[in-house]
Amino acid sequence: MTRGAQTPFDGPSLRRARARANQGRGISAEELARQVNATKAQILAYEHGKYSPDPPRIRQLAQALGVSPLDLTDPDTAQRWTLAELRRASGYRVVDVVDRLDVSYANYRRLENEGLVSPRSYALVPAVADFLKISAADLEMHLANIPASRMRVAQAHPLLTAVRDTYVVPGELALPKPDDPAVGDLAEIFRRPPLLLARLLGQEIRRIRAIRRRLAGYEATAHYGTSADEQAAAHHGAEAERRRLRRLTTTLPGRIDAFFRCALPSDSWRALALLHLVGRFNLWLSPTQLQESEASVLSIPASMRRSLPSPQGTTGVHQISDEGDEHCQTYRSWYDALHPSVSTLLRQRESQLSGHIPAGELREYFVSAHAVLFSFDGLLCRLFASNVEAVAQSLVHEAHSLRLATGPRTPTDPVGLLRALVPSGSPSQIRRLDHMLTAHETEAARQVTPLPGVQQLFRVLTTGNWRLGVVTDHATSAVRVFLDNLSPLVDSQQLSVFGRPEDPRLMKPHPHGVALASASLGSSRDHTLLLGESVADALAAQAAGVRFIGVASTPDHANMLKRAGAKTTVRSLREVTAVVRHLTTYPPSAPRPDRTPRSGP
């Protein structure tokens, strides 16, 4: 027998299990002792906490009582267990795990004692989790409790803080390099190459910079906003960004440590990510259908995929499992940083699955277009980002002060809320709500950042002969503030703005704004092109008779637009930029109309 301090066995739990055994009639200590080849004195010693049974005896006791070995432990202590304690509490010796999983004794001991695995042993953690019948996330909790794991995280924390303080400063554009001393020290702590650490840290630095940019904007508005409502909304937004930043920075050492215990090699990650892409279709696919080798698919840890023999032949068919899906969602951004070529392949496959338009056809859209229009919120920026609820709530309070009723089905987005209140409000009441919303929109536009690819696309478009405009249900003043903030990289005066109409009933999906923009820019509707990301954009384009390109970053988003009638979609504005850049560098031979900047209403 081993001492109780070494095995998280709980005597009172054994006594309760013995009392409930035999369909509630209980079983005597003497009878239990007979079934597990022990003595009555041993059973009573277990129950009184004098001794703790060894793992094989724990399994014998659990089997005799018809319970799980973990039912013989104190559940209140489980979150503090290390992997070794979890293994013993589950009734297994090291040799049991090693024999069942067919892994080397040294590799398993390294995981249990140090919380480390070699890059080639990436499947060990999910295999151990499956063996112990717990999730990988639950096993990770026990691995993080290992003293050596805690020491690594503690050692890494000041180094990661130093990296953040070096690269997240005003004016700094560089990212960590492998020869950075702090990166080298981190590589030694986590036992991984410096290049790998540098790429992961570069990804995190980008995320922190984005949060800091948003936070700075919120803080400025919280102090200097033009109204109490704007300041309150900005205050809530700033608090949300601070929480996000704290969570990101404080958990980073532990997240890196956990990632290196399960990081897949390039081939395995590519195969798993492709299964993830088709997972929403609920299809069973062979490696051939995935355009992957069978070895790559079978190298995915068994817990991350479901596999069946193929009825057509020897090659099996596969689906991603829930654990594999969670792994992809958790670590996709890091894998993109580590394996850029795989990231490029995944984007191409996503476009194929979504039915996005090929570059050649997209080129023809722009060749024939005289005017190019854009929607605003969701395509060029996320106007309210984290404070959309606060803005909507301020409108609701104002509506109540005007004695306008808001029901349980009132939209939660500010523009939708304004539209919903039109039927019940007088023109003066709606104008008052409109003015309040405009103030929120304009203040938000001062601090919001353009979405990826926006500035690059506008810079390329403004070198061509297209007449450009923004058509939106948001206030013209807000859009103009946003565009002016793009200077000097973008000449905002070359973009006309067609904002929210005086009558909110003419907002999209009504074709009013799109038709007005086309006419004002002097383009016939069959030579006008609208880029948008919402169903309302697609419906407005159809009703106005102009061509539409939907920007959809996910297959589900693309399908949503197509159900609304959109025939053409792209994955991102970067795809559009590539086509437009080629046209401006190598323009078509046919002459294009002169571009005449015009002002919107």
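From a predicted model like this one, the values you see are computed outputs, not experimental measurements.

Caption draft 1: Representation of the packing of helix α13 (residues 228-262) against helix α17 (residues 322-338) within the structure. Packing of α13 against α17 leaves a shortest axis separation of 12 Å and a crossing angle of 90 degrees. In terms of orientation, α13 lies roughly perpendicular with respect to α17. Side by side, α13 and α17 meet where Leu252, Arg255, Ile256, Ala258, Phe259 and Cys262 of the first sit next to His327, Tyr331, Trp334, Tyr335 and Leu338 of the second. Grouping the amino acids of the contact of α13 with α17 by side-chain chemistry returns 9 nonpolar, 1 polar and 1 charged.

Caption draft 2: Focus on the pairing of strand β5 (residues 495-498). Across the two faces of β5 the burial is the same, with Leu495 and Val497 and Ser496 and Phe498 all buried. Bridging between strand β4 (residues 467-471) and β5 involves 4 bridges; their strand directions are parallel. The partner of valine 471 across the bridge, within β5, is phenylalanine 498. For the handedness criterion, the β-α-β arrangement of β4, helix α24 (residues 476-484) and β5 is classed as right-handed.

Caption draft 3: Main features of the nonpolar core. By size, the foremost hydrophobic cluster in this structure holds 60 residues, and its most contacted members are Phe366, Phe458 and Leu531. With sequence-adjacent residues up to four places away left out, leucine 531 is seen in contact with Phe366, Val372, Leu373, Phe374, Ser375, Leu379, Phe548, Ile549, Leu573 and Val576. Ranked by size, the runner-up nonpolar core spans 52 residues in total, among them Leu160, Leu290, Cys328 and Tyr335.

Caption draft 4: Examining unusual backbone geometry more closely. Across the junction of serine 487 and proline 488, the peptide omega takes the value 5 degrees, indicating a cis bond. Structurally, proline 488 can be placed in the loop between α24 and β5. Positive phi values are uncommon outside glycine, yet asparagine 22 reaches one of about 60 degrees. One can find asparagine 22 in the loop between α1 (11-20) and α2 (29-35). Not every positive phi belongs to a glycine, and glutamine 23 is a case in point at roughly 55 degrees.

Caption draft 5: Geometry of helix α11 (residues 181-190). Ala182, Val183, Leu186, Ala187, Ile189 and Phe190 are the residues of α11 that are buried. Buried residues in α11, looked at end-on, bunch into an arc of 160 degrees, giving them a common side. The exposed set on the far side of α11, more than 90 degrees from its buried face, consists of Pro181 and Glu188. Those residues of α11 that are buried are in contact with α10 (147-167), α12 (194-224) and α13.

Caption draft 6: Spotlight on the pattern of salt bridges. If you walk through the whole model with that rule in mind, you get 29 salt bridges. Across the pair arginine 152 and aspartate 257 runs a salt bridge, and its minimum N-O distance is 2.8 Å. You can see arginine 152 sitting in helix α10 and its partner aspartate 257 sitting in helix α13, a full 105 residues away along the chain. Just as arginine 152 is buried, aspartate 257 falls in that class too. In this structure, glutamate 239 engages arginine 242 in a salt bridge whose closest nitrogen and oxygen atoms are separated by 2.6 Å. Taken together, the residues span about one helical turn, with glutamate 239 and arginine 242 both in helix α13 at a distance of 3 residues. A relative accessible area of 25% places arginine 242 in the partly exposed class. Salt bridges sharing partners connect three or more residues here, namely Glu140, Arg152, Asp257 and Arg261.

Parameters at a glance
- Residues numbered from 1 in each chain as written.
- Predicted model: local features only at pLDDT ≥ 70, side-chain atom pairs only at ≥ 80, totals over all residues.
- Heavy atoms only, no water.
- Axes fitted to C-alpha atoms, helices over the stretch in contact; angles between N-to-C directions.
- Helix = DSSP H or I, 4+ residues; strand = E, 2+ residues; numbered from the N terminus.
- Parallel < 35°, antiparallel > 145°, perpendicular 65-115°, else oblique.
- Contact = heavy atoms within 4.5 Å.
- Nonpolar A, V, L, I, M, F, W, Y, C, P; charged D, E, K, R; others polar.
- Buried < 20%, exposed > 50% of the residue type's maximum accessible area, 1.4 Å probe, protein only.
- Pairing = 2+ DSSP bridges.
- Right-handed = clockwise from strand over helix to strand, strands pointing away.
- Core = buried A, V, L, I, M, F, W, Y, C linked by side-chain atoms within 4.5 Å.
- Arc of directions from axis to C-beta.
- Salt bridge = Lys/Arg side-chain N within 4 Å of Asp/Glu carboxyl O.

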